Amino acid sequence: MISVRNLRKSFGRAEVLKGVNLDIAEKEVVVIIGPSGSGKSTLLRCLNYLEQPTSGEITVDGMTLGGGTDINKIRAEVGMVFQRFNLFPHMTAMDNITLAPMKVRGVSKEEAEADALRLLAKVGLADRAAAYPEQLSGGQQQRVAIARALAMKPKVMLFDEPTSALDPEMVKEVLQVMKDLAREGMTMAVVTHEMGFAREVGDRVLFVDQGVIMEEGEPEEIFSHPKEERTREFLSKIL
Amino acid sequence: MKWLDMNFELMAQAMPLLLMGAGVTIKITAISVLLGILIGLFIGIARISTNRVIHLVAAVYVDFLRGTPLLVQIFLVYFALPVVTGQRIDPFLAAIAACSINSSAYVAEIFRAGIQSIDAGQMEAGRSLGMTWTQTMRYIIVPQAARRVIPPLGNEFIALLKDSSLVSVIGFEELTRRGQLIIARTYASLEIWLCVAIIYLAMTVSISRLVAWLERRYQIDDQR
């Protein structure tokens, strides 16, 4: 579904990604962990070109990014959920969800709204369609944001630390939605510090450090028998 | 006390004429503000464009208009432009052109600041959904920025209303020019300039009240 070849990204003189290779298969859930500043968020943001790679090749669903392909076409297939939700504050939950399907996919208003109600029900917020973001708790906002991304019927979902800005009691409700999504067979790349989620849902865990994928493997393997010294060190600090 | 000798009868007689001038002042200000907002929106967006040429042209436009006096700009339009085109220009047109172009530079800066005050995550969210830059601007960024620019736009409206008195120098009969003409006949400087000042004050205070009301209304909207 996604293939990354020798991806490099520099901000000014600082090289944040130093040659990353990565393949994500259809229906696979890949969890990306690593210390802050390791480049894991940048890696995720390169996958839909929110960050323009300095060099390297990224292919999503058979379309190669940057090579003359319409970037908006690829982004329509790749949903993204942000740490700080980024809901549109001047719109209701309903309008947040229906905007892109109507403007990008050309879906009718009726169809988009029916779809939005179904998605709101799925994330447990069927009764909050008319609410504005600031009337919702953080966990509710993030669930609306997930519904908004799903409304485009994406083939892949990217999660950039989706629970890091949430109060502890709201983390669970968001993780539950993500777990459901994974069970339904959504292809997902998740940057997170939630090791419980990684263990339970992840098919594969990548440990990113200093701009490279230091170690990867099945969650159990990484968490119980890390091979690299840096991985052991990182896990000992957070587990 | 000199002011007790004021000729109140003359003031009462001059009022209707001055108010007609005030009407003209409102007219050129309103048209210039609308045109200024229209041009300013495009220049403001051009100012944040990643295209270097567009960005540069917009920057030069804004710098020139903010870096030269409005009075000089009025002279340029009314006296210098006809030298180039070989055609006299109507004072009304010249007044509107100078005021709206001048205002558009300030409005552009207001819009630019308003747009840049919107969290970058909003653009990222819009783009990540597959919307184009233009769609995201139109549906996400500009509607949010619009609420934030109401107070500074109100200030610009007031500034322009006062600055429009400068077009009296090309003989255009707005409020200030009317005052000058009446004084030329009556020599009643004190009475007439006082009336003129009071009328300007009444207009600017009204606008600032209107802006305050708009601001409150949109704040309530925000909190729905």
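Residues numbered from 1 in each chain as written. Chains lettered and ligands numbered in written order. Predicted model: local features only at pLDDT ≥ 70, side-chain atom pairs only at ≥ 80, totals over all residues. Heavy atoms only, no water.

**A closer look at the sheet that holds strand β7 (residues 156-160) of chain A**
Residue and element names in this part refer to chain A.
And then number 1: What the six strands build is an open sheet, ordered β6-β7-β8-β3-β9-β10; its pairing is mixed. Either end of the sheet is taken by a strand with one partner, and the two such strands are β6 (78-81) and β10 (212-217). In this sheet, neighbouring strand axes are inclined to one another by 20° on average, regardless of whether the strands run parallel or antiparallel.
And then number 2: In this fold helix α6 (residues 168-183) packs onto β3 (29-33), β7 and β8 (187-191), with an angle of close to 145° to the strand it touches most, β8.
And then number 3: Here helix α9 (residues 229-238) sits on the sheet and contacts β3, β9 (204-209) and β10; the angle it forms with β9, its principal contact strand, is near 100°. (Pairing = 2+ DSSP bridges. Helix = DSSP H or I, 4+ residues; strand = E, 2+ residues; numbered from the N terminus. Axes fitted to C-alpha atoms, helices over the stretch in contact; angles between N-to-C directions. Contact = heavy atoms within 4.5 Å.)

**A few points about the packing of aromatic side chains**
Two aromatic rings are characterised by how far apart their centres lie and by the angle between their planes.
And then number 1: Summed over the entire model, instances satisfying the criterion amount to four aromatic pairs over all chains.
And then number 2: Ring geometry for F75(B) against F79(B): centres 5.7 Å apart, planes inclined by 45°, an arrangement best described as tilted. Within this pair, F75(B) and its partner F79(B) are both found in helix α3 (residues 70-85), separated by four residues, close to a single helical turn.
And then number 3: Judged by its relative accessible area of 33%, F75(B) falls in the partly exposed class.
And then number 4: Among the residues examined, F79(B) registers a relative accessible area of 46% and is labelled partly exposed.
And then number 5: Taking 4.9 Å as the distance between ring centres and 75° as the angle between the ring planes, the aromatic pair formed by Y78(B) and F79(B) counts as edge-to-face.
And then number 6: Accessibility expressed as a relative area gives 11% for Y78(B), which makes it buried.
And then number 7: Aromatic ring contacts, followed pair by pair, group F75(B), Y78(B) and F79(B) into a single cluster.
And then number 8: When the ring centre of F11(A) is taken as reference, the NZ or CZ atom of K9(A) above it lies at 4.8 Å. (Phe/Tyr/Trp six-rings, centres within 6.5 Å; stacked < 30°, edge-to-face > 60°. Buried < 20%, exposed > 50% of the residue type's maximum accessible area, 1.4 Å probe, protein only. Lys NZ or Arg CZ within 6 Å of the ring centre and 35° of its normal.)

**Some words on the interface of chain A and chain B**
One frequent convention defines the size of an interface as the accessible area lost when the parts assemble.
And then number 1: Counting residues at the interface gives 27 residues for chain A and 21 residues for chain B.
And then number 2: Interface area lost by chain A to chain B is led by F88(A), H90(A) and K103(A), which between them contribute 25%.
And then number 3: Here chain A is connected to chain B by two salt bridges.
And then number 4: Taken together, chain A and chain B are joined by seven residue pairs in polar contact (both at pLDDT 80 or more).
And then number 5: For the side of chain A that touches chain B, the elements supplying multiple residues, two or more each, are α2 (71-77), β6, α3 (93-105) and α5 (138-150) of chain A.
And then number 6: In the side of chain A that touches chain B, the residues fall into 16 nonpolar, five polar and six charged. (Buried area = accessible area lost by both parts, 1.4 Å probe. Salt bridge = Lys/Arg side-chain N within 4 Å of Asp/Glu carboxyl O. Polar contact = N/O pair within 3.5 Å; in protein donor to acceptor, adjacent residues only side chain to side chain. Nonpolar A, V, L, I, M, F, W, Y, C, P; charged D, E, K, R; others polar.)

**Quick word on the pattern of salt bridges**
All names here are of chain A.
And then number 1: Counted according to the given criterion, the structure contains 28 salt bridges over all chains.
And then number 2: With a closest N to O distance of 3.1 Å, R8 and E15 form a salt bridge.
And then number 3: For E15, a relative accessible area of 34% corresponds to the partly exposed category.
And then number 4: R204 is paired through a salt bridge with E28; the nearest N and O atoms lie 2.9 Å apart.

**Structural notes on the environment of E228(A)**
Residue and element names in this part refer to chain A.
And then number 1: With respect to the element layout, E228 can be found in the loop between α8 (219-224) and α9.
And then number 2: Among the residues examined, E228 registers a relative accessible area of 35% and is labelled partly exposed.
And then number 3: Residues E228 and L119, spaced 109 residues apart in sequence, show a C-alpha to C-alpha distance of 41 Å.
And then number 4: Excluding residues that lie within four positions of it along the chain, E228 makes contacts with M214 and E215.

**Quick look at the confidence of the model for chain B**
All names here are of chain B.
And then number 1: Per-residue confidence for chain B gives a mean pLDDT of 90; residues scoring 70 or more make up 96%.
And then number 2: Mean pLDDT in chain B bottoms out at helix α8 (residues 189-222), which sits at 87, and peaks at helix α5 (residues 120-128), which reaches 95.
And then number 3: Scoring the predicted complex yields pTM 0.81 and, for the interface, ipTM 0.91. (pLDDT = per-residue confidence, 0-100.)

**Here we look at the sheet that holds strand β2 (residues 14-24) of chain A**
Residues and elements named next belong to chain A.
And then number 1: Taking strand neighbours across the sheet as the criterion, the four strands line up as β2-β1-β4-β5 in an open arrangement whose pairing is antiparallel. Looking at which strands have only one partner, the edges of the open sheet turn out to be β2 and β5 (63-64).
And then number 2: Both strand β1 (residues 2-11) and strand β4 (residues 55-60) contribute to a ladder of five bridges, which runs antiparallel. Bridge pairing links S3 to T59 in β4.

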